[in-house]
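# Summary of structural features
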There are 2 protein chains.
Amino acid sequence: MMKLHIRPDRDTWPQLLARPERPAADLDALLHEVFGAVKAEGDAAVLRFTEQFDKVRPAQLRVDADTLAQAGAHIPDALKAAIALAKQNIERFHAAQRLVPTIIETAPGVECWREERPIERVGIYIPGGTAPLFSTVLMLGIPAKLAGCNEIVLCSPPDRQGRIHPAILYCAHLLGIDHVIAAGGVQAIAALSIGTETVPAVYKIFGPGNQFVTAAKQHAQRLGVAIDMPAGPSELLVMADGTANAAFVASDLLSQAEHGTDSQVLLVTTHADLPARVAHELALQLAQLPRKDIAAGALAHSKAIVLDDDAACLDLINQYGPEHFIICCANEEFYCRGIVNAGSVFIGSWTPESAGDYASGTNHTLPTNGHARAYSGVNLQSFCKSVTFQRISQAGIRHIGPAIEAMAEAEGLQAHRNAVTLRMRD
Amino acid sequence: MMKLHIRPDRDTWPQLLARPERPAADLDALLHEVFGAVKAEGDAAVLRFTEQFDKVRPAQLRVDADTLAQAGAHIPDALKAAIALAKQNIERFHAAQRLVPTIIETAPGVECWREERPIERVGIYIPGGTAPLFSTVLMLGIPAKLAGCNEIVLCSPPDRQGRIHPAILYCAHLLGIDHVIAAGGVQAIAALSIGTETVPAVYKIFGPGNQFVTAAKQHAQRLGVAIDMPAGPSELLVMADGTANAAFVASDLLSQAEHGTDSQVLLVTTHADLPARVAHELALQLAQLPRKDIAAGALAHSKAIVLDDDAACLDLINQYGPEHFIICCANEEFYCRGIVNAGSVFIGSWTPESAGDYASGTNHTLPTNGHARAYSGVNLQSFCKSVTFQRISQAGIRHIGPAIEAMAEAEGLQAHRNAVTLRMRD
């Protein structure tokens, strides 16, 4: 169960908050082999590695239009309705993120602005395995569509029958994503990076994955392909005081703990008696869970931290930089204003983290492992570039020209200066 | 001089537009040595490598407050005035980029929004060498300050006397950046990534550099430190028609060509007689340039491409994805609307690229090497994360709860479901 830390000294915080070290597997040889083969042989190599790693050889790499269109027949109506509601909310939240271009006249006759343009080709990776993560299809596919990406390629590993789970296919079809590839792992990322007969090369690759996929995405990045963000195990930090409902807090901690034994959950509080109440609820709820072994594994290295006051709690939380941050305390405003490093923030007792995972509208692809210090979660801008534009009038160049001339001269760049001088003379 | 390509077949475009291959130097051994030594020995290692690579051992790594404050004494008043004007315009343009939080009620009782938070610690790298790139101090320091980054560390290599150019120090001091380190190259990036006694570890590193700095930034990225973008040689593409002023076009091409022999400049036109007129102007202007050997080197592998119509030109330009894109033609609107892949766009005859390099207000740190397909140039958001917030009411969770339950169940994540079910029961 959670280990209790009462008023730990600030010197000990870095150690207390350290993420579990994941021994970085040396996959370089494998990455070079797979990327090299995919470059040389294309689809044939993707199929061969699928046979080798996934123990199946799909009849074709690309899922045909009929299979996509008919996936819905395997989805219960209640789930379809749930997906429709989630889709609507995710669309509303992400559609509101569009940048509206505003022309800034920085100086008389000097107009500058930004406009967003879609990344034309993007790849979306959806892991396979027992739990089909169809919600991630929505979280990545919806902003990609809203941004206007015109080539969206979805890769997901086939099961032993060579198929992708119908819930994943249903969501892809619902969003109008028709380029779906039954391939996963390093060979899928290699295909998206390099391109094959069936898989177009993309400019940016999104989506979660195991250590092989993560390493392959980093390798793709070295080849010049952009990626969404570095990946790591899921995390949740709950800040709660005496007003918090211990059962709710426990349920939120468990919902993150069930992701994997390497998930991190933390409870931070100013109330010394809260951890025991939460621990009691954890024990009750854990017993009921199908994935209780996984959740218990994560809880084994999780922590409850009691500190003297809100200021200390906020410092500790910002030092940790949680992926998910739940605030269940009376003075929630203090934490909302003060939080700097977090992926997504959930405020109040009626806002479970799982709302953001599925249906409130926010994105669930978020920075883990402390990357919230420098990275945002996925949003509409993740699928766009902002391009700057400028238009200077003859009066405008007269106004700022002398400054450009002086600076270019001082940097020893005479041709930069000449481009202005010529125009000033005219 | 520029090589002329008249109506090249579309099949030949990829080859025509290919960036010069830069043989990737294998710097892995060096990177591991320097990063390892900086981790083990801190400042001592930074100083030792500075002595080894830069042939100087500064008395101290950190520039003292007096030296910073007095740097202005070495700057002519005219240059100070130019810097002041540039600073004002850059501030105006970047300050207007702030995200204004808007609460989106995605469903009744479900409020979601984004807020920006500064990246607390950032590193800015300014190359040394003959030309002091003080303008880059403004381009990176101003948005960092506006974003509210509270630790800004500037590294720049010392000259043979152990000093940083006063123009760089003056700009740093003007912006209130007081943490300036006289170190460059791999050892500076290692220090920013890992931290030493004098150099705080940062979360994101910005700035241009040679192949050593670029490789070190990529290495830092593998260690979990974010970077601004992948680097490459500077580029400019001019789209011009018969209305363009050939002398202006030539001056813009030269202003990019003088950066380095590996710079890329392209002229695209529908007017078959324009390339010869521009070539004539290039020859006249080139002869006058102090850096004419460098510019001539870049022009030697540059291209003038004549195509039949605007649609073909736009396709080719988007396929190339230039860092800088100048539009000098009558139907400029067609190109403004249609451009998808570019870093920064300059419209009309009175808008030289050097305006954006120094003083119009837009940023000059832009994606090169085709990275404009997936990356934006540096902007205010480069120094921020956007954090999502959500607050759900009891009515709100009743509204979206059933959808969350259905989706969590279908993904096999029972604890995610429970977090909602518990609350729905309440």
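It should be emphasised that the depicted structure is a prediction, and the values quoted were computed from it without experimental measurement.

## Some points on helix 6 (residues 134–147) of chain A
All names here are of chain A. Under the 1.5 Å per step criterion, the end-to-end length of helix 6 is 20 Å for 14 residues, consistent within 8% with the ideal 20 Å. Buried residues dominate helix 6, accounting for 13 of its 14 residues. Backbone geometry just downstream of helix 6 places G148 in the positive-phi region, at approximately 95°.

## Describing the relation of the copies chain B and chain A
Superposition record for chain B on chain A: RMSD 0.0 Å, screw rotation 180°, translation along axis 0.0 Å. The relationship between the two copies is best expressed as a two-fold rotation axis. Of the interface residues in chain B, 99% have counterparts in chain A that sit at the interface too, so the contact is made through matching surfaces.

## A look at the pattern of salt bridges
With the rule as written, the count across this model stands at 24 salt bridges over all chains. Linking R7(A) and D308(A) is a salt bridge whose minimum nitrogen-to-oxygen distance equals 3.5 Å. Of this pair, R7(A) sits in the loop between strand 1 (3–6) and helix 1 (13–17) while D308(A) sits in the loop between strand 11 (303–306) and helix 13 (310–320), placing them 301 residues apart in sequence. Because the salt bridges share partners, they merge into one network encompassing E332(A), E333(A) and R391(B).

## With respect to the packing of helix 2 (residues 28–41) of chain A against helix 3 (residues 43–54) of chain A
In a pair of packed helices, the angle between the axes and the distance between the axes together describe the arrangement. Residues and elements named next belong to chain A. The N-to-C vectors of helix 2 and helix 3 enclose an angle of 140°; their axes lie 6 Å apart at closest approach. Judged on the interaxial angle alone, helix 3 and helix 2 are oblique. Residues L30, E33, V34, A37, V38 and E41 of helix 2 form the contact with helix 3, whose own contacting residues are D43, A44, A45, V46, R48, F49 and F53. Classifying every residue of the contact of helix 2 with helix 3 by side-chain character gives 9 nonpolar, no polar and 4 charged.

## Brief notes about the state of the cysteines
Using the criterion set out here, one finds 0 disulfides over all chains in the structure. This cysteine, C328(A), is not joined by any disulfide, and C329(A) carries the nearest cysteine sulfur, 7.3 Å off. Here C336(B) is not disulfide-linked; the sulfur of C329(B) is the nearest cysteine sulfur, at 8.8 Å. Note on C336(B): relative accessible area 7%, which makes it buried.

## Some remarks on the sheet that holds strand 6 (residues 179–182) of chain A
Residue and element names in this part refer to chain A. Spatially, 6-5-4-7-8 is the arrangement adopted by the 5 strands of the open sheet, whose pairing is parallel. Bordering the open sheet on either side are strand 6 and strand 8 (226–227), each of which pairs with just one other strand. As paired strands, strand 5 (residues 151–156) and strand 6 are joined by 4 bridges and run parallel to one another. Along strand 6, the bridge assignment pairs V153 with H179. Running over the sheet, helix 9 (residues 211–222) touches strand 4 (121–125), strand 7 (204–206) and strand 8 and is turned about 165° from strand 7.

## A few points about unusual backbone geometry
The backbone of K55(B) sits at a positive phi, close to 60°, despite the residue not being glycine. One can find K55(B) in the loop between helix 3 (43–54) and helix 4 (65–70).

## Description of the interface of chain B and chain A
Chain B puts 114 residues into the contact, and the matching count from chain A is 113 residues. Surface buried jointly by chain B and chain A totals about 9,900 Å² across both partners, of which 61% is contributed by carbon and sulfur atoms. Considering only the surface of chain B that becomes buried against chain A, W350(B), E411(B) and R423(B) emerge as the three largest contributors, covering 9% of it. In this assembly, chain B and chain A are joined by 6 salt bridges. Here D252(A) makes a salt bridge to R423(B), at a shortest N to O gap of 2.6 Å. Our count for the contact surface shared by chain B and chain A stands at 64 residue pairs in polar contact (both at pLDDT 80 or more). Per-element accounting of the side of chain B that touches chain A gives the leading share, 10 residues, to helix 16 (residues 394–410) of chain B. A breakdown of the residues in the side of chain B that touches chain A according to their chemical character gives 59 nonpolar, 36 polar and 19 charged.

## Quick look at the environment of R160(A)
All names here are of chain A. Its location among the elements puts R160 in the loop between strand 5 and helix 7 (166–175). We classify R160 as exposed; its relative accessible area is 59%. A sequence separation of 104 residues divides R160 from V56, and the C-alpha atoms of the two residues are 5.6 Å apart. Not counting chain neighbours up to four residues away, the residues in contact with R160 comprise D54, K55 and V56.

## Some words on the domain arrangement of chain A
If you check the domain split of chain A, you get domain 1 (29–227), domain 2 (232–376) and domain 3 (394–425). The gap between the C-alpha centroids of domain 2 of chain A and domain 3 of chain A is 55 Å.

## Section: the pairing of strand 11 of chain A
All names here are of chain A. Residues K303 and I305 of strand 11 are buried on one face, and the alternating residues A304 and V306, pointing to the opposite face, are buried as well. Here strand 1 pairs with strand 11 via 4 bridges, running parallel. Its bridge partner being in strand 11, L4 is matched across the sheet by A304.

## Let's talk about the pairing of strand 6 of chain A
Of the two faces of strand 6 of chain A, the one lined by H179(A) and I181(A) and the one lined by V180(A) and A182(A) are each fully buried. The parallel pair strand 5 of chain A and strand 6 of chain A, bridged by helix 7 of chain A, forms a crossover whose chirality is right-handed.

Rules and cut-offs
- Residues numbered from 1 in each chain as written.
- Chains lettered and ligands numbered in written order.
- Predicted model: local features only at pLDDT ≥ 70, side-chain atom pairs only at ≥ 80, totals over all residues.
- Heavy atoms only, no water.
- Helix = DSSP H or I, 4+ residues; strand = E, 2+ residues; numbered from the N terminus.
- Expected span 1.5 Å × (residues − 1).
- Buried < 20%, exposed > 50% of the residue type's maximum accessible area, 1.4 Å probe, protein only.
- Least-squares fit on C-alpha atoms with pLDDT ≥ 70 in both.
- Contact = heavy atoms within 4.5 Å.
- Salt bridge = Lys/Arg side-chain N within 4 Å of Asp/Glu carboxyl O.
- Axes fitted to C-alpha atoms, helices over the stretch in contact; angles between N-to-C directions.
- Parallel < 35°, antiparallel > 145°, perpendicular 65-115°, else oblique.
- Nonpolar A, V, L, I, M, F, W, Y, C, P; charged D, E, K, R; others polar.
- Disulfide = S-S within 2.5 Å.
- Pairing = 2+ DSSP bridges.
- Buried area = accessible area lost by both parts, 1.4 Å probe.
- Polar contact = N/O pair within 3.5 Å; in protein donor to acceptor, adjacent residues only side chain to side chain.
- Domains from an automatic or database assignment.
- Right-handed = clockwise from strand over helix to strand, strands pointing away.

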